[in-house]
Amino acid sequence: MEQLSQLILAFIVFLSLYLLGSSSLTGCIKIVALQGMCLGLLPLTIHAGGFHPRALLLASGMFILKGMVIPRILMYAIREVKIRREVGPMVGYTPSLLLGAALIGVSFVLAERLPVPPGLRTSLLIPVSLSTVMMGMLMMISRIKAVTQVIGYLVFENGIYLFGLAISYEIPWLIEMGVLLDVFVAVFVMGIVINHIARAFDSISTEKLTRLSD
Amino acid sequence: MPIYLLLVGIPVLIGLAALAISSDERRPWILPFGFTVHAAAVSACWKSLPPAAASGWFYIDQLDLVVLSLSSALFVICSIYCLEYLRLRKDRHNRLFTACLSFILAAVTLVCVSRHMGLLWVGMEAATLAAAPLVHFNHNERSLEATWKYLMMGSLGIGLALLGTFFLALSALPYQGPGDPLVIDTLLSRAGTLSVPWLKGAFIFLLVGYGTKMGLAPLHSWKPDTYGEAPGVAGVILAGVVTSTAFLGILRAFQVCAAAGLADFARDLLVLMGLLSIATAAAFIIGQRDFKRMLAYSSVEHMGILALGVGLGPAGSSAALLHLINNGLTKGVLFLAAGNIHRAFGGKTMDHARGALRRAPISATLFLLGFVAITGSPPFAPFVSEFSILRAAVNGGRLGVAIGFVALLAVIFIGMATTVLSVVYGVPPDKESKQAARGDSPLLVAAPMAFMAGVVFLGLWLPGWLTSVLGDAARLLNGSQP
């Protein structure tokens, strides 16, 4: 089991990196769906206690919401838009990838300095979650298309969720469900706004959103 | 338990009822009645604090009581303004607007009554999301842009706050024993055993995360756009209620840090963020031609004052809590009056709106009085709290902080005066404007007048019960057990 969770964690980092270097919008949505599915599998493998009914509940909730429902909302949001590619991100793809690699390094150094939470099977969880958080933030700020910004937000959320896994036995399931529900509603609202942007500007570039300034 | 259920349940029911009612004309009428029932339930808590419920998950202490009462009062008065405002805005359906207004109150109440940091986060996120349709009420390209920026920054902030919440739980590991490690009372009672690196990280992330929602610099960038494009009522709710609730989240984190002996670390960060916010506001308020954006920067300033006050220790904390109330009331005057002036001229920059005194005399007078009050002039309420914060700085030997504070306030006064005086006293741009002069109708000025009455009242006389509650809350905050 330990090897399996390490493998999944490594795959999650790989997917985040892949997202940083990818320009196709639908491709990005598919990758982030895959990442959500991987996250859904983790609660089953990560804890020393092993299989647990609550873990199953959380895993399935995660799998369905982040792996299937949310990507579908995003697909729906960009269906009307003709452009399928991210054009001219503020940070190019190669620099993004290099930055991503640097962020992974930074998170391993940071995680070294923090005390390891007890009861965890793998020490990989904290650095992986930190690097996923940072890569998600990088995507949020460096991309121009509204959809890629939302995908960045999803990656960011996934990283935070990984963090939550470290303490998932300490946090009551009610809170976890609340967090999941909130993320779902957030993406839902963002999807609606993307739709409005697409209709108002005939594009989903946030480049057009530059009227308000001092 | 029933009282907590009632407090959160009433606004949820109002929201659902608003969704169910099909007439745009009748729908807004349920707001004042519903919110008044909520306010009555809140005032019942003033007589005696209800006992904790659900193994310590729900409880109202003095700190919650201050924020909850302020929110409830602002909602009641704003709902009266909404009656007339939504009648004037027949061009837009108000179903989502009224429902989301109620849901914000429900979420804010949840934040106030919950003692669990996770549940508090859920409430804060719900409030953030429920406010998005309010920002987008005008449904034009500008409000769309504002909504997008609001959603992106808000989600980022709220995500960082969640990370901070997880850090807080990690600091309490390994955890054995009754209750839940994220219940504040559990954290407080075990404060000595919390892991210091994780706790420090938790405070930083919670400060940055909830600070984004509050609009502390340098995380304020969404604020001018959002407040500039949102209707006046949404401005009051965001600047007076949502920001105060986010501040409550930071205060909870501070409370745990203070109990764990990290008070100095947390205070330094708060003073730094506070002064930075006031300085940023000063820089952007100078030469601001759009008076709604000016109010947004004023909000940044006052959030900075709140953080600064708490950072100055117990005396500053009780002054900051008083300032929370004063800021909420004064923002009520300013945003509603600004909304009236905006409507009277059909524009919100100094090029469109000049000489409001002729076109909407009562609103213009209220706007002027609100400006005098918010910049901290006697005899209005913000003067009392700002002066107390200044005194706390001087008594605490932080002369540099005190001098910087006063200097920045003076700069902000001058900056705001330029804009406000031109809007109020200037010569109206053209006599025959397309927009009919409808700035001052009785219901539209009654609400800001009610806020102004509160500002004057608290400026002249602080009731004993209020000071005692504020004192208790400040003591709780700075490390004495309930």
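Relevant structure appears above.
Everything quoted here is computed from the prediction, not taken from an experiment.

1. A word on the overall build of chain A
In terms of regular secondary structure, chain A is built from seven helices and zero strands. Reading the secondary structure of chain A in the N-to-C direction produces α-α-α-α-α-α-α. For chain A, the residues scored as buried account for 58% of the 214 residues in total. For chain A, contacts bridging at least 24 residues in sequence account for 80% of all contacts bridging at least 6. Working note: accessible area of chain A is about 9000 Å², and carbon and sulfur atoms make up 68% of it.

2. Here we look at helix α15 (residues 361-374) of chain B
All names here are of chain B. For α15, which comprises 14 residues, the first-to-last C-alpha distance of 20 Å matches the rise-based estimate of 20 Å (1.5 Å per residue) to within 8%. Inspection of α15 places Ser-363, Ala-364, Leu-366, Phe-367, Leu-368, Gly-370, Phe-371, Ala-373 and Ile-374 among the buried residues, and these make up the whole buried set. Contacts from the buried residues of α15 go to α12 (291-311), α13 (314-345), α14 (356-359), α16 (381-395), α17 (399-425) and α18 (442-460). Looking one or two residues beyond α15, the residue adopting positive phi is Gly-376, at roughly 85°.

3. Details of the packing of helix α6 (residues 146-166) of chain A against helix α6 (residues 141-171) of chain B
Where α6 of chain A contacts α6 of chain B, the axes come no closer than 9 Å and their chain directions differ by 10°. With respect to their mutual orientation, α6 of chain A and α6 of chain B come out roughly parallel. Contacts between α6 of chain A and α6 of chain B involve Ala-146, Gln-149, Val-150, Tyr-153, Phe-156, Glu-157, Ile-160, Phe-163, Gly-164 and Ala-166 of chain A on the former and, on the latter, Trp-148, Met-152, Ser-155, Leu-156, Gly-159, Leu-160, Leu-162, Leu-163, Phe-166, Phe-167 and Leu-170 of chain B. Per-class residue counts for the contact of α6 of chain A with α6 of chain B are 16 nonpolar, four polar and one charged.

4. Some details on the environment of Leu-56 of chain A
Residue and element names in this part refer to chain A. With respect to the element layout, Leu-56 can be found in helix α3 (residues 53-78). Overall, the relative accessible area of 42% leaves Leu-56 in the partly exposed class. Note: C-alpha distance between Leu-56 and Gly-40 (16 residues apart in sequence) is 9.1 Å.

5. Here's the deal with the pattern of salt bridges
Residues and elements named next belong to chain B. Tallied over the full model, the rule gives 16 salt bridges over all chains. A salt bridge links Arg-293 to Asp-225; its shortest N-O distance comes to 2.9 Å. With Arg-293 in helix α12 and Asp-225 in helix α9 (residues 222-229), this residue pair connects regions lying 68 residues apart in the sequence. For Arg-293, a relative accessible area of 6% puts it in the buried group. With its nearest N and O atoms 3.5 Å apart, the salt bridge here joins Lys-348 to Glu-229. In this pair, Lys-348 is assigned in the loop between α13 and α14 and Glu-229 in helix α9, connecting sequence segments 119 residues apart. Each member of the pair, Lys-348 as well as Glu-229, carries the same accessibility label: buried. Salt bridges sharing common partners tie together Asp-61, Asp-64, Arg-115, Asp-185 and Arg-252.

6. Details of the interface of chain A and chain B
In this assembly, 44 residues from chain A lie in contact with 47 residues from chain B. Where chain A touches chain B, the interface holds zero salt bridges. At the junction of chain A with chain B, the criterion picks out one residue pair in polar contact (both at pLDDT 80 or more). For the side of chain A that touches chain B, the elements supplying multiple residues, two or more each, are α5 (125-142), α6 and α7 (173-201) of chain A. Considering each element in turn, the side of chain A that touches chain B owes the most residues, 15 residues, to α7 of chain A.

Definitions and cut-offs
Residues numbered from 1 in each chain as written. Chains lettered and ligands numbered in written order. Predicted model: local features only at pLDDT ≥ 70, side-chain atom pairs only at ≥ 80, totals over all residues. Heavy atoms only, no water. Helix = DSSP H or I, 4+ residues; strand = E, 2+ residues; numbered from the N terminus. Buried < 20%, exposed > 50% of the residue type's maximum accessible area, 1.4 Å probe, protein only. Contact = heavy atoms within 4.5 Å. Areas by Shrake-Rupley, 256 points an atom, 1.4 Å probe, with all protein chains shown as cover. Expected span 1.5 Å × (residues − 1). Axes fitted to C-alpha atoms, helices over the stretch in contact; angles between N-to-C directions. Parallel < 35°, antiparallel > 145°, perpendicular 65-115°, else oblique. Nonpolar A, V, L, I, M, F, W, Y, C, P; charged D, E, K, R; others polar. Salt bridge = Lys/Arg side-chain N within 4 Å of Asp/Glu carboxyl O. Polar contact = N/O pair within 3.5 Å; in protein donor to acceptor, adjacent residues only side chain to side chain.

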